[in-house]
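Structural overview
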Amino acid sequence: MSTISTGKCYVVEHLEPEMGEWSQLEYTTISTECAKTGGKLYLTSLPPSLLGNLPPRLDDHTISGRLIATSTEVSQLSEIKSERVCLLDPTAQTDLQPEDGEIFDAYVFGGILGDDPPRDRTSELRRYGYQGRRLGPKQMTTDTAVRVTRMVVEDKLPLDKIPYVDFPELKLSKHESTEMPFRYVIGENGQPIMPEGMVELIKKDADKSFDF
């Protein structure tokens, strides 16, 4: 069975001066998942110093064409028409619906969405005047937000039909665990979907916090 190409664009305005490992893992995951249905990930507003020195794992994705990295902000991209752009905004009055896949071609996210406690990072993007849609009441990581958006507009699955888990507990060791303060999509294995390598990164960061 062949995969239907949607050709959707998913745009993350990178709102940080640097790019940590967490973001790198999220972005490579988004890029890989979008490419499966013919979509593209745009990383916009990258500082020139970062654009000229992308981490190797992201550089591989730009070479393959799955990822477009640019210092240009989303509103200046000629291939993206403003009237066909949706801003994923936690303060929007309307939730994202499957029908929005016919209305919009591009979906804009403010990275980093997964702040804890949440900061209104999307406020920096409202100045573009795009139509806003909400992904529900819970805070999500950036890759989860894009994944949920794809499930709604490409797979035509309503938000309330997507299997979620909120604030899952992640086992770090035999005696240590941590609660992840986000909503995740549940995978076929019954576990929250996270980027490959994310659990190991969280464990490594937890180990550092115990170093004195």
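Described in the following lines is the structure provided in the data block. (Residues numbered from 1 in each chain as written. Predicted model: local features only at pLDDT ≥ 70, side-chain atom pairs only at ≥ 80, totals over all residues. Heavy atoms only, no water.)

**A few points about the overall build of the protein**
Within the protein, the regular secondary structure consists of six helices and 10 strands. With 212 residues in all, the protein has 46% of them scored as buried. Contacts in the protein between residues at least 24 apart in sequence constitute 72% of all its contacts with a sequence separation of at least 6. Element-wise, carbon and sulfur atoms account for 49% of the exposed surface of the protein, whose accessible area totals about 11000 Å². (Helix = DSSP H or I, 4+ residues; strand = E, 2+ residues; numbered from the N terminus. Buried < 20%, exposed > 50% of the residue type's maximum accessible area, 1.4 Å probe, protein only. Contact = heavy atoms within 4.5 Å. Areas by Shrake-Rupley, 256 points an atom, 1.4 Å probe, with all protein chains shown as cover.)

**Describing the environment of Gly-101**
Within the secondary structure, Gly-101 is located in helix α4 (residues 100-103). Each residue touching Gly-101, except ones within four places of it in the same chain, is listed here: Lys-8, Tyr-107, Val-153 and Lys-156.

**Observations concerning unusual backbone geometry**
You will see that Ser-45, though not glycine, has its phi angle at about 60 degrees, which is positive. As for its position among the elements, Ser-45 is in the loop between β2 (40-44) and α2 (48-51). Despite not being glycine, Lys-156 has its phi angle at roughly 60 degrees, a positive value. When you line up the elements, Lys-156 lands in the loop between α5 (142-153) and β7 (164-166).

**Some remarks on the pattern of salt bridges**
Proximity of charged atoms lets side chains of opposite charge pair with each other. Across all of its chains, the model carries 12 salt bridges by this definition. With a shortest N-O distance of 2.7 Å, Arg-183 and Asp-166 are connected by a salt bridge. With a gap of 17 residues between them, Arg-183 in strand β10 (residues 183-185) and Asp-166 in strand β7 connect regions that are remote in the sequence. Taking relative accessible area as the criterion, Arg-183 reaches 13% and is therefore assigned buried. For Asp-166, a relative accessible area of 30% puts it in the partly exposed group. (Salt bridge = Lys/Arg side-chain N within 4 Å of Asp/Glu carboxyl O.)

**So, the nonpolar core**
Tyr-27, Leu-43, Leu-96, Tyr-107, Phe-109, Leu-135 and Val-148 are the most contacted members of the largest nonpolar core, which totals 30 residues. Elements supplying a minimum of two residues to this core: β1 (9-14), α1 (21-35), β2, β4 (85-88), β5 (106-111) and α5. Considering every element that reaches this core, the biggest residue donor is α5, with six residues. The contacts of Leu-135, once residues within four sequence positions are left out, are Leu-88, Leu-96, Met-140, Ala-145, Val-148, Thr-149 and Leu-159. In terms of nonpolar packing, the next biggest core, distinct from the first, is built from 14 residues, Val-11, Val-74, Val-85 and Ala-106 among them. (Core = buried A, V, L, I, M, F, W, Y, C linked by side-chain atoms within 4.5 Å.)

**Points about the packing of α1 against α5**
Close contact between α1 and α5 brings their axes to 9 Å; oriented N to C, the two are set at 15 degrees. By the angle between their axes, α1 is roughly parallel relative to α5. Crossing handedness for the pair α1 and α5: right-handed. Contacts between α1 and α5 involve Glu-26, Thr-29, Ile-30, Glu-33 and Cys-34 on the former and, on the latter, Thr-142, Asp-143, Val-146, Arg-147 and Arg-150. Taken together, the residues that form the contact of α1 with α5 break down as three nonpolar, two polar and five charged. (Axes fitted to C-alpha atoms, helices over the stretch in contact; angles between N-to-C directions. Parallel < 35°, antiparallel > 145°, perpendicular 65-115°, else oblique. Left-handed = near helix turned anticlockwise from the far one by under 90°. Nonpolar A, V, L, I, M, F, W, Y, C, P; charged D, E, K, R; others polar.)

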